[in-house]
Each structure stands twice: as C-alpha cells, then as structure tokens.
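# Fold and contact review
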Amino acid sequence: MARTTRRSTTHLSRRLVQLYAGLALYGASSALLVRAELGLEPWGVLHQGLAELTGISIGVVSIIVGAVVLLLWIPLRQRPGLGTVSNVFVVGLAMDGTLAVVGELDGYGFRVPALVLGIVLNGVATGLYIAARFGPGPRDGLMTGLNRVTGRSIRLVRTAIEVAVVATGFALGGSLGVGTVVYALAIGPLAQLFLRVFSLPEPTAPAVTAVPGITAAPGEPSTPAPPVGSGPVAAPAPGQAILPQ
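Presented here is a report on the structure given in the accompanying data block. Predicted model, so just to flag it, every value in this text is computed and none were measured.

Rules and cut-offs
Note that residues are indexed from 1 along each chain, following the sequence as it is written. Selection of residues for local features in this predicted model requires a pLDDT of at least 70, selection of side-chain atom pairs for listing and counting requires 80 or more, and totals for whole chains, interfaces and linings are taken over all residues. The basis for the side-chain values is all heavy atoms of the structure; hydrogens and waters are excluded. Only DSSP runs of H or I with at least four residues qualify as helices, and only runs of E with at least two residues qualify as strands; both kinds are numbered from the N terminus onward. The classification of residues rests on relative accessible area computed with a 1.4 Å probe and restricted to protein chains. Under 20% of the type maximum is buried, over 50% is exposed, and intermediate values are partly exposed. Whether two residues touch is decided by their heavy atoms; if any such pair falls within 4.5 Å, the residues are in contact. Each accessible area is a Shrake-Rupley result for a 1.4 Å probe, and residues are judged covered by the shown protein chains and nothing else. Salt-bridge detection follows one rule: a side-chain nitrogen of Lys or Arg within 4 Å of a carboxyl oxygen of Asp or Glu. Take the number of residues in a helix, subtract one, and multiply by 1.5 Å to get its expected span. What the arc describes is the spread of directions from the helix axis to the C-beta atoms. Only buried residues count toward a nonpolar core, which is a set of Ala, Val, Leu, Ile, Met, Phe, Trp, Tyr and Cys residues joined through side-chain atoms within 4.5 Å. Aromatic pairs are defined between Phe, Tyr and Trp rings, using the six-membered ring for Trp, whenever the two ring centres lie within 6.5 Å; interplanar angles under 30 degrees are classed as stacked, those over 60 as edge-to-face, and all others as tilted. Charge-over-ring contacts are defined here by two conditions on Lys NZ or Arg CZ: a distance within 6 Å of the ring centre and an angle within 35 degrees of the ring normal.

A tally of regular secondary structure across the protein gives nine helices and zero strands. Residues counted as buried form 38% of the 245 residues belonging to the protein. Relative to all contacts within the protein whose residues are 6 or more apart in sequence, the contacts with residues 24 or more apart total 80%. As displayed, the protein offers around 13900 Å² of accessible surface, 67% of which is attributable to carbon and sulfur atoms.

On inspection of all chains with the given rule, the structure shows one salt bridge. As a salt-bridge pair, Arg158 and Glu162 come within 3.0 Å of each other at their nearest N and O atoms. Of this pair, Arg158 and Glu162 are both found in helix H8 (residues 154–171), four residues apart, which corresponds to roughly one turn of the helix. Overall, Arg158 belongs to the partly exposed group, its relative accessible area being 39%. A relative accessible area of 22% places Glu162 in the partly exposed class.

This part covers unusual backbone geometry. Positive phi, close to 60°, is recorded for Arg77, a residue that is not glycine. Residue classification places Arg77 among the exposed positions, given a relative accessible area of 73%. Not every positive phi belongs to a glycine, and Arg133 is a case in point at roughly 60°. By the element assignment, Arg133 lies in the loop between helix H6 (108–131) and helix H7 (138–150). Using a relative accessible area of 31% as the deciding quantity, one classes Arg133 as partly exposed.

Taking 1.5 Å of rise per residue, the 18 residues of H8 would be expected to cover 26 Å, and the 26 Å separating its terminal C-alpha atoms lies within 8% of that figure. The set of residues buried in H8 consists of Val157, Ile161, Val165, Val166 and Gly169. With its buried residues spanning 150° around the axis, H8 presents them on a single face. Opposite the buried face of H8, at more than 90 degrees from it, the exposed residues are Arg155, Val163 and Ala171. Of the surrounding elements, those touching the buried residues of H8 are helix H2 (42–54) and H7. Positive backbone phi, approximately 110°, marks Gly173, located one or two places after H8.

Before going further, it helps to examine the nonpolar core. By size, the foremost hydrophobic cluster in this structure holds 43 residues, and its most contacted members are Trp43 and Ile161. With near-sequence residues (within four places) excluded, Trp43 lies in contact with Val65, Val69, Arg139, Ile161 and Val165.

Inspection of every chain in the model, using the stated rule, returns two aromatic pairs. The interplanar angle of 80° and the centroid separation of 6.1 Å between the aromatic rings of Tyr26 and Tyr129 together place this pair among those described as edge-to-face. Taken together, the positions of Tyr26 in helix H1 (residues 2–36) and Tyr129 in helix H6 put the pair 103 residues apart, joining distant regions of the chain. Assessed through its relative accessible area of 7%, Tyr129 is described here as buried. With a centroid separation of 6.2 Å and an interplanar angle of 20°, the aromatic rings of Phe194 and Phe198 are classed as stacked. Taken as a pair, Phe194 and Phe198 lie in helix H9 (residues 178–198) at a separation of four residues, close to a single helical turn. Assigned by exposure class, Phe194 and Phe198 land together as buried. Between the NZ or CZ atom of Arg111 and the centre of the ring of Tyr108, over which it lies, the distance is 4.9 Å.

Looking now at the environment of Leu33. Looking at where Leu33 falls in the secondary structure, it is placed in helix H1. It is 7.9 Å that separates the C-alpha atoms of Leu33 and Gly179, two residues lying 146 residues apart in sequence.

These results come straight from atomic positions and should not be treated as a statement about function.
Here you go:
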C-alpha cells in the first residue's frame, strides 16, 4: 500500500511539473515569436493588437483575454480544471518575463532563428501541458464547448474562431506575416510528436490474484478471482511466477 501511494504521489508530482513547465515554456515561446516580428500565432495577433490599442503589456492582455474566454465557458457548461485556470495566469506572466529578458532583435539573422525556435518550443510546451491531463486551456475549451453545443465539426469551429481572432487582431495592429503561416502549418505535427514524447501512463493498482487450493477462513468472505483479461497483472517479485487468474 505504501509503495502504491508513493507511486501515485510521484505520478502526480510529475504531472504538475509537466503542467507548469509546459505553460511557462508556452509563454516564453510566444515571446520569441513577438521578438521575431515575422508574424504571430492567431491568438497572439489578437493579444498584440489589443496591447497596441490599450498600452497594456501583451502578457497582461493575454491574461485578461484568457479570463474573458473562461467566462464564456459558463453558458457552454464547460468545467475548468487546474490546468485551465493555471493557463490563464502562467502563460501571460512567462511571456512578459521573457520579453523583459530578451530585447528587440536586429536583422533576419537573429529574427528567423527566433521564429523557428519559438515555434518548436511552442510545440514542446503544448505536448508537455496537454499530456499532464489537468484540463484544456480556456481557448481550447471554448472550441470544444462550441463543438458540443452547435454540433459543428472541431475543424470548422476552430477555423471560424481563429479567422475571427486573426482578423480582429490584425485590424487592431497585430503582427500577421509569414510566421503566422509557418506556425499554422507546423504546430499540429509538432504538438502530436511531443504529446507522444511526454505522454504519461495511467497509474494502475496491482491486481488481486487467487491461489488455487486456498480458501477463505471460516466466517470470512471469499474473494473470487477476476475473469481473464479483466485488469492489469502485478509484476512478479524476483523468482516468483505470476499466478493463474
């Protein structure tokens, strides 16, 4: 029992590390796209446009937009998780922190590598925090909620949301360019790759096995053996065979 508890605690700890590492890296990678000045991801275009309009930092704008989107979950009856709420704050703070450290870049010799690095790290970050399984981000939850309520496909709902977001952000002064196109083409395959890299197995409890020829003591309920294939089999100790089920 103690060993099982330790495994569960370790599993939870790793999930939490993945969640917050992924969210922080997501904010940092988005900041690199800003410094590259070659075009942002769809929501980044909106955040930058609002930042230009209001004079608020892009990270704080990201937090405000995330909170507003999260409020839209209420009529959609979506349930946020720890990852959802953390996403709202951690990404924006990490983004502003990275922008404070990484100054403006001069010339394509610096900006193009910053774009490529930002996109790749964004894929790594996506794999990290989604694989942690603490709930979707506010914007992804909006997409799945609209998909469920309207009955439209995920592809159509996502496309409609991102077209509206990009158009609004661009009209407000957000950066739209080749980086936006490269991001749109690369982020799907990158996210899929790193989801596999960072996927975590579900914790399993050891199965109870029955020993042939041994019955329960008088007055104690007997425990029937589970049917074959009904659950996982505990790994045997050294020198001990797995008992038949």
